[in-house]
Amino acid sequence: TKRLKRIDEVPFESDIRHMVTVHQDHESGATVTFVKGALDVVLDMCDHVYFDGKSLPLGPDQVACIEEVNDAFCEKAMRVLAFAYGDDNRKDDPTGLVFAGLVGMIDPARAEVHDAVAQCRAAGIRVVMITGDQKHTAMAVARELDILEDNGEACTGSEIDEMDDKAFGEKVLQCNVFSRVTPEHKVRILEALKAKGHIVAMTGDGVNDAPALSKADIGVSMAIIGTDVAKE
């Protein structure tokens, strides 16, 4: 951090699904760009891959291998971040980067969540998971919590965008897991459920949860870790 001073950045946002930082080497004056984010987004910025100490052209075989590792992480309920770097300092649209690797992180549900879900179901409350995680990660976690049956359905934000209100109104009754969603998707999900006659409670803690919290019949903000915007 002393050698490579951060001189610019693009913060992570749910709609772009990546973060960019630009650094300058104080010895040479050269700049380097680092990117972290969703695998598909980061891969689109790369044309090389770091392997065995060298930067090699990124071809279909390498992409398939990377995606296989990503899927294996997701099946273990891991959240996955992809990393890349390059000399391109165009922070708003970095290209020609070198793919550096993947990191899989375990973010286990709190011990009491499983019992809470069971109590909701016993009381006749349907529990739906809405997350920015990848589809396979979300499904693995949902199965562990008994939110999703083995043959249950999951729906992504991009799939939501392709459906009209009528089609989505039916889908929202069948699907208990929604992944790769934006704040706009969260609002659309709860409005579709309300249109079907359901009373909808929404939990959340972040700024991106605020629109859905305010439109739900019951908005539940996380008191300890929640942002001020979510609480308001």
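Above this text sits the structure in question.
So, here is what we can say about the structure in this document. Just so we're clear, the structure is a prediction, and the values are computed from it rather than from any experiment.

The strand order across the open sheet built from seven strands is β1-β2-β3-β6-β7-β4-β5, with neighbouring strands paired in mixed fashion. Where the open sheet ends on each side, the last strands, each with one partner, are β1 (4-10) and β5 (54-57). Between one strand axis and the next, the sheet turns by 35° as a mean value, whatever way the strands run. Bridge analysis of strand β4 (residues 46-51) against β5 gives four bridges, and the strand direction is antiparallel. Across the sheet, V49 pairs through a bridge with L56, a residue of β5. In this fold helix α2 (residues 60-75) packs onto β4, β5, β6 (78-86) and β7 (97-106), with an angle of close to 15° to the strand it touches most, β7.

Let's shift gears to the sheet that holds strand β8 (residues 129-130). Spatial ordering of the open sheet is given by β8-β10-β9, a layout of three strands whose pairing is parallel. Each having just a single partner strand, β8 and β9 (153-156) make up the two edges of the open sheet. In the sheet, β9 pairs with strand β10 (residues 175-179) via four bridges, with the strands oriented parallel. Counterpart to C155 in the pairing with β10 is F178. In this fold helix α6 (residues 165-174) packs onto β9 and β10, with an angle of close to 105° to the strand it touches most, β10.

In this section: the pairing of β6. The alternating pattern of β6 places M78, V80, A82, A84 and G86 on a buried face, while none of R79, L81, F83 and Y85, on the opposite face, is buried. Sheet topology note: the strand β3 (residues 31-37)/β6 ladder contains five bridges and is antiparallel. Opposite V35, over in β6, you have A84 as the bridge partner. Where β6 lies against β7, eight bridges are found, and the strand directions are antiparallel. If you follow A82 over to β7, its bridge partner there is L102.

Unusually for a residue other than glycine, R17 sits at a positive phi of about 60°. If you trace the backbone, R17 turns up in the loop between β1 and β2 (18-25). Residue class for R17 comes out partly exposed when judged on its relative accessible area of 21%. Phi at A77 is positive, roughly 65°, even though this residue is not glycine. Position of A77 among the secondary structure elements: in the loop between α2 and β6. For A77, a relative accessible area of 10% corresponds to the buried category.

About the thresholds
- Residues take numbers from 1 onward in each chain, read along the sequence in its written order.
- Only residues with pLDDT of 70 or above have their local features reported here, since the model is predicted, and side-chain atom pairs are shown and tallied only from 80 upward, although totals for entire chains, interfaces and linings are computed over all residues.
- Remark: hydrogens and water are excluded; side-chain values derive from all non-hydrogen atoms of the structure.
- Strand pairing requires that DSSP identify at least two bridges connecting the strands.
- Only DSSP runs of H or I with at least four residues qualify as helices, and only runs of E with at least two residues qualify as strands; both kinds are numbered from the N terminus onward.
- Axes here refer to lines fitted to C-alpha atoms; in helices the fit is confined to the stretch in contact. Angles between the N-to-C directions go from 0 to 180 degrees.
- Residue contacts are counted whenever heavy atoms from the two residues lie within 4.5 Å of one another.
- Exposed residues in this analysis have more than 50% of their type's maximum accessible area, buried residues have under 20%, and partly exposed residues fall in between, with area computed by a 1.4 Å probe over protein chains only.

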